[in-house]
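Working through the structure, step by step
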2 protein chains.
Amino acid sequence: MTTPALAALRARFGDHCSTARPVLEAHGRDESGLDFALPEAVVFAQSEEDVLSALQLAREHGLAVVPFAVGSSLEGQVIPVRGGLSLDLSGMKRIVAIEPGGFQATVQPGVTYPELNRLLRSHGLFFPVDPGAEASLGGMASTNASGTGAVKYGTTRDNVLEMRVALMDGRVIRVGSKARKTSAGYDLKHLFIGAEGTLGVITELTVRLWPRPAELAVLRCTFATIAEAAACAVSVMHAALGPERLELLDEEQLRAVNRHRGTAYPERPTLWIELGASSRAALDGALELCRELCLDAGGQTLHAAFSEAERASIWEARHHAYYALRALYPNHANLSTDLCVPLHRLPDVLAFTRRRCDERGLHASFVGHVGDGNFHVLFHAAPDDHAGWATIHEVYGEMVTAALEAGGTCTGEHGVGLHKRAYLAQERPDSLELMRGIKALLDPEGLLNPGKIL
Amino acid sequence: MTTPALAALRARFGDHCSTARPVLEAHGRDESGLDFALPEAVVFAQSEEDVLSALQLAREHGLAVVPFAVGSSLEGQVIPVRGGLSLDLSGMKRIVAIEPGGFQATVQPGVTYPELNRLLRSHGLFFPVDPGAEASLGGMASTNASGTGAVKYGTTRDNVLEMRVALMDGRVIRVGSKARKTSAGYDLKHLFIGAEGTLGVITELTVRLWPRPAELAVLRCTFATIAEAAACAVSVMHAALGPERLELLDEEQLRAVNRHRGTAYPERPTLWIELGASSRAALDGALELCRELCLDAGGQTLHAAFSEAERASIWEARHHAYYALRALYPNHANLSTDLCVPLHRLPDVLAFTRRRCDERGLHASFVGHVGDGNFHVLFHAAPDDHAGWATIHEVYGEMVTAALEAGGTCTGEHGVGLHKRAYLAQERPDSLELMRGIKALLDPEGLLNPGKIL
């Protein structure tokens, strides 16, 4: 960064601009742990005006701008691979409005979804997208994050009504509508959701809220193989039970969870199925049907958890699965895949993946939001095990090809970031040109989060 | 159209190109009945190749191209106001694939949603978006149509997984994914949904299917005022009952329905609430709760319909409401508004609208997808009643302003077309420029459905 650029940043932002080494380092990595690159300065934005000023200075001085809040991305999205400015939005934490009667809340982008959900509890409402990490809502919109709740409530995309977005040319536009649906012109909202900060900077979001079901239970059921568990998930989805969550964990993943949390879940391929209803009678009816479907599909141990404590413990275990596995191999580096396929193809794509991992002798554990056809394989190996990593990437490539042939996608919820650009090109060779055209329209100098997606 | 242009069309399309007056007239109006303009020729496309050829000839000869299928649009979307070519896709009716296990069907754009639903019945699945008219799926995607099912299942936007779109430059791109969710790059799918054929021509769609609930019932409940009915709708939405449908009809609308169909529904502001469940016990529980909410909100006559025949009759009546009202005033012209507001603002925006209609002495009836905050006022007056129409447009303008101030939109499901361009500009002054930039990127000559949206 040039001296005049830094001077201009300091003049505008004072103490809210930092070049201290620990601050730069805190903005140089994400949860993937695979990459590291320092920004040249960090600006802590407190308001939309700050964001606009930062974009203006970036434009004037030709600085790259990388939006940052929590740093929980899994594909290197927040890593400033071309230096420049890390634009930290974590201080933009204002709850602008909660409208329980309108099922909506308006927040600044640095608010995290657990923070919002704590405030919503007294209204009997919640924001249902739960990627697990303590993610910010701006970041979740930027990668179209989802998680266990998506099977019932959809992804972040489906739960953002309206946003304010600061553009590189100095304008702020309002996209979407606070109404639940609109057909008013081109839908620009969905262009910014999942754009990973490469088209504009989200400065405010109005998100959709949902009533909490009055009654909830989690059914745990084990199976002989993950393909059998996946086939059961398909039949549960067909029964119009509308599960709140429908998760698959394999034996290795449960071993990690048990070790990490001191639990004693059976270490076999397992489905965790949460059902909700407006009354206990309705819940019991749904549970009975679900049990039958599990038994018909070869399910073995069955256990239903009703208490809030037991349910919370189950979902905390699921949300920490990634960290549990990392803890099991503390000296290993990790890579999580994120394929998503049409549900009817899930059992065979899962079986293919498991077979290839076994044939190539890879350490791999499987977890999946299987009601959506989305599953993660967590690969790990010593950082310097070059042969191991080469094999991982070979198998990963085969998996992507299999998912695409099944009509699926290389990323269901983590986004493209740095690591999946080649897979994106494989998935969408026909639309990269249009994506580039849109990028050029909104960011002609290529300053917004360069090196990501395209 | 120049002689060489017509000769080129005839050479390529033979009998599938027509300039016969009755054919041109059949492509010159839509359900709004407000406008009329003839195309210079109609091409009946049978395939994606036909669509590409038509676009190529349009490009070579500078012809406007207006996609057409059923002509059920309500805002003049299919009307060729600048002449040129009406590109009739109604012959593209192939069911490419039905994948019940993947909850998806792939169809050509001329397939209508009732046609698709007849085929899906034996699979226990359905496509839940039901705008009422016998609309084509390509047209529904183009206006982001919805209807009574949207309160539970979302709009067309939410139920299109993937599309193939023919672009003006001769390419075909695949947007979206057959997987239920994806975070793979910029979401181009949502750009084409709701674009009313101004950015490209949809040549294939993969839509999302849902299991039919095993048990269904429709609760009918009358109220003293529409504001009271709307307030009840809000409380039903809060109870996590997840209604399949939640419709409001006012006394005038019910009078039209009774007259048109020989029914005897009480002619008072009414909610029609459909509840679904996986068992009769669960349904009974939900109905009981719903009845209580209705009574608490001032509901009077309550009636539950369980039989398929009675439920079908109710929804047929609802779907024909627009035609019933037109039949009541056969010599009048009509105008349907389509405001949508955040749910907590619905009672007061409805009350304001009713008051202004009464104060200005307007004939107006109200129907609404009130669980979504979406309602239609059907205005009517003799075509030559210029003072009447001037008043209608004045009140309509006040309604739009009230809806926008409430955070809502001028169109929940009908789209912009010809008639709402000024309202779109009022709603989104900050994003018109970006919309125009995207239009220029995809259709630099402005040949795709000119005069619509922008």
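Definitions and cut-offs
- Residues numbered from 1 in each chain as written.
- Chains lettered and ligands numbered in written order.
- Predicted model: local features only at pLDDT ≥ 70, side-chain atom pairs only at ≥ 80, totals over all residues.
- Heavy atoms only, no water.
- UniProt positions renumbered as here; feature names shortened; annotations may be inferred.
- Helix = DSSP H or I, 4+ residues; strand = E, 2+ residues; numbered from the N terminus.
- Rg over C-alpha atoms; globule rule 2.2 N^0.38 Å.
- Buried < 20%, exposed > 50% of the residue type's maximum accessible area, 1.4 Å probe, protein only.
- Areas by Shrake-Rupley, 256 points an atom, 1.4 Å probe, with all protein chains shown as cover.
- Lys, Arg positive; Asp, Glu negative; His and termini not counted.
- Charge placed at Lys NZ, Arg CZ, Asp CG, Glu CD.
- Core = buried A, V, L, I, M, F, W, Y, C linked by side-chain atoms within 4.5 Å.
- Contact = heavy atoms within 4.5 Å.
- Buried area = accessible area lost by both parts, 1.4 Å probe.
- Salt bridge = Lys/Arg side-chain N within 4 Å of Asp/Glu carboxyl O.
- Polar contact = N/O pair within 3.5 Å; in protein donor to acceptor, adjacent residues only side chain to side chain.
- Nonpolar A, V, L, I, M, F, W, Y, C, P; charged D, E, K, R; others polar.
- Domains from an automatic or database assignment.
- Least-squares fit on C-alpha atoms with pLDDT ≥ 70 in both.
- Pairing = 2+ DSSP bridges.
- Axes fitted to C-alpha atoms, helices over the stretch in contact; angles between N-to-C directions.
- Parallel < 35°, antiparallel > 145°, perpendicular 65-115°, else oblique.
- Left-handed = near helix turned anticlockwise from the far one by under 90°.
- Disulfide = S-S within 2.5 Å.
- Expected span 1.5 Å × (residues − 1).

As recorded by an unreviewed UniProt entry, chain A carries the name D-lactate dehydrogenase (cytochrome) and is attributed to Deinococcus reticulitermitis. Comment text from UniProt for chain A, heading Cofactor (unreviewed entry), reads "FAD". For the record of chain A, the UniProt heading Sequence similarities (unreviewed entry) holds the text "Belongs to the FAD-binding oxidoreductase/transferase type 4 family."

Our next topic: the overall build of chain A. Across its full length, chain A holds 16 helices and 19 strands. A compact globule built from 454 residues should have a C-alpha radius of gyration of about 22 Å, and chain A, at 22 Å, falls within 12% of that. Expressed along its principal axes, the backbone C-alpha trace of chain A runs to roughly 70 × 55 × 45 Å. Put simply, chain A has 454 residues, and 63% of those count as buried. Approximately 14900 Å² of chain A is accessible, and the part contributed by carbon and sulfur atoms is 51%. With 43 positive and 54 negative side-chain charges, chain A shows a spacing of 3 Å between the two charge centroids.

The next thing to look at is the UniProt feature "domain: FAD-binding PCMH-type" (unreviewed entry) in chain A. Under the UniProt annotation, the feature "domain: FAD-binding PCMH-type" (unreviewed entry) is placed at residues 35-212 of chain A. Annotation note: span residues 35-212 of chain A, helix share 21%, strand share 25%, distance between end C-alpha atoms 39 Å.

Attention now goes to the nonpolar core. Nonpolar side chains in soluble globular proteins generally cluster together in the buried interior. Formed by 193 residues in total, the largest nonpolar core has its most connected members in Phe192 of chain A together with Phe192 of chain B. Residues in contact with phenylalanine 192 of chain A, not counting those within four places in the same chain, are Ala141, Met163, Val165, Leu167, Ile173, Val175, Leu199, Gly200 and Leu442 of chain A together with Leu434 of chain B.

This brings us to the interface of chain A and chain B. Many structure descriptions define interface size as the accessible area lost when the parts assemble. If you look at the interface, chain A gives 85 residues, while chain B gives 85 residues. Counting the surface lost from both chain A and chain B, the interface buries some 6600 Å², and carbon and sulfur atoms represent 57% of this. Sorting the residues of chain A by area buried against chain B places Lys181, Ser183 and Tyr186 of chain A first, and these three jointly supply 15% of that buried surface. Counting the contacts that link chain A with chain B gives ten salt bridges. For glutamate 413 of chain B, the salt bridge identified is with lysine 181 of chain A, shortest N-O distance 3.0 Å. For the pair chain A and chain B, the interface holds 48 residue pairs in polar contact (both at pLDDT 80 or more). Put simply, the parts of the chain that give the side of chain A that touches chain B at least two residues each are α6 (150-153), β9 (172-176), α7 (189-192), α8 (226-238), α10 (280-296), α15 (421-427) and α16 (432-442) of chain A. Here the side of chain A that touches chain B takes eight residues from α16 of chain A, the largest share from any one element. A breakdown of the residues in the side of chain A that touches chain B according to their chemical character gives 35 nonpolar, 32 polar and 18 charged.

Further remarks concern the side chain of serine 142 of chain A. Residue and element names in this part refer to chain A. Structurally, serine 142 can be placed in helix α5 (residues 137-143). By relative accessible area, serine 142 is classed as buried at 16%. In this structure the side chain of serine 142 is engaged in a polar contact, spanning 3.0 Å, whose partner is the backbone oxygen of glycine 138. Among all residues touching serine 142, those that are not within four sequence positions of it are Gly194, Ala195, Glu196, Gly197 and Ile202.

Residues and elements named next belong to chain A. Domain assignment breaks chain A into domain 1 (3-90), domain 2 (95-211), domain 3 (215-320) and domain 4 (323-414). Distance between the C-alpha centres of domain 1 and domain 4: 32 Å. With six residues of domain 1 at the interface, the matching set in domain 4 holds six residues. When the two sides are added together, the surface that domain 1 and domain 4 hide from each other amounts to roughly 510 Å², 43% of it contributed by carbon and sulfur. Ranking the residues of domain 1 by area buried against domain 4 places Glu31, Leu34 and Glu75 at the top, with a combined share of 68%.

This brings us to the relation of the copies chain A and chain B. Superposing chain A onto chain B takes a rotation of 180 degrees plus a shift of 0.0 Å along the axis, which leaves an RMSD of 0.0 Å. Here the copies are linked by what is in effect a two-fold axis. Minimal C-alpha separation from the rotation axis in chain A is found for alanine 282 of chain A, amounting to 2.1 Å. The overlap is high: 100% of the interface residues of chain A also sit at the interface in chain B, so the same surface is used on both sides.

Residue and element names in this part refer to chain B. A sheet is described by the order of its strands in space; here five strands give the open sequence β5-β6-β10-β8-β9, paired in antiparallel fashion. Strands at the two margins of the open sheet, each flanked by one partner only, are β5 (95-99) and β9 (172-176). This sheet shows a mean twist of 10 degrees between the axes of neighbouring strands, independent of strand direction. For strand β8 (residues 160-166) and strand β10 (residues 201-208), the ladder comprises six bridges, and the chain directions are antiparallel.

Here we come to the pairing of β8 of chain B. Residues and elements named next belong to chain B. Taking burial as the measure, the seven residues of β8 include six buried ones, the bulk of the element. Two strands pair when backbone bridges link them, and β8 and β9 are joined in this way by five bridges, in the antiparallel orientation. Among the inter-strand pairings, methionine 163 is bridged to a residue of β9, identified as valine 175. Counting the residues that bridge the hairpin from β8 to β9 gives five residues, and of these glycine 170 lies at a positive phi of roughly 95 degrees.

Turning to the packing of α8 of chain A against helix α13 (residues 346-359) of chain A, a few remarks are in order. Residue and element names in this part refer to chain A. Viewed as axis vectors pointing N to C, α8 and α13 meet at an angle of 165 degrees, and their least axial separation amounts to 9 Å. On the basis of the axis angle, α8 is roughly antiparallel to α13. Viewed along their axes, α8 and α13 form a crossing whose handedness is right-handed. Facing α8, whose interface residues are Ile226, Ala227, Ala230, Ala231 and Val234, α13 presents Leu346, Pro347, Leu350, Ala351 and Arg354. Its residues placed into classes, the contact of α8 with α13 shows nine nonpolar, no polar and one charged.

Attention shifts here to the state of the cysteines. Residue and element names in this part refer to chain B. If you walk through the whole model with that rule in mind, you get zero disulfides over all chains. The thiol of cysteine 232 is not disulfide-bonded; the next cysteine sulfur, from cysteine 294, is found 3.9 Å away. You can call cysteine 232 buried: its relative accessible area is 0%.

Attention now moves to helix α11 (residues 308-319) of chain A. Given a rise of 1.5 Å per residue, twelve residues ought to cover 16 Å, and the 16 Å separating the end C-alpha atoms of α11 of chain A matches this to within 8%. Taken together, the buried positions of α11 of chain A are Arg311, Ile314, Trp315, Ala317, Arg318 and His319 of chain A.

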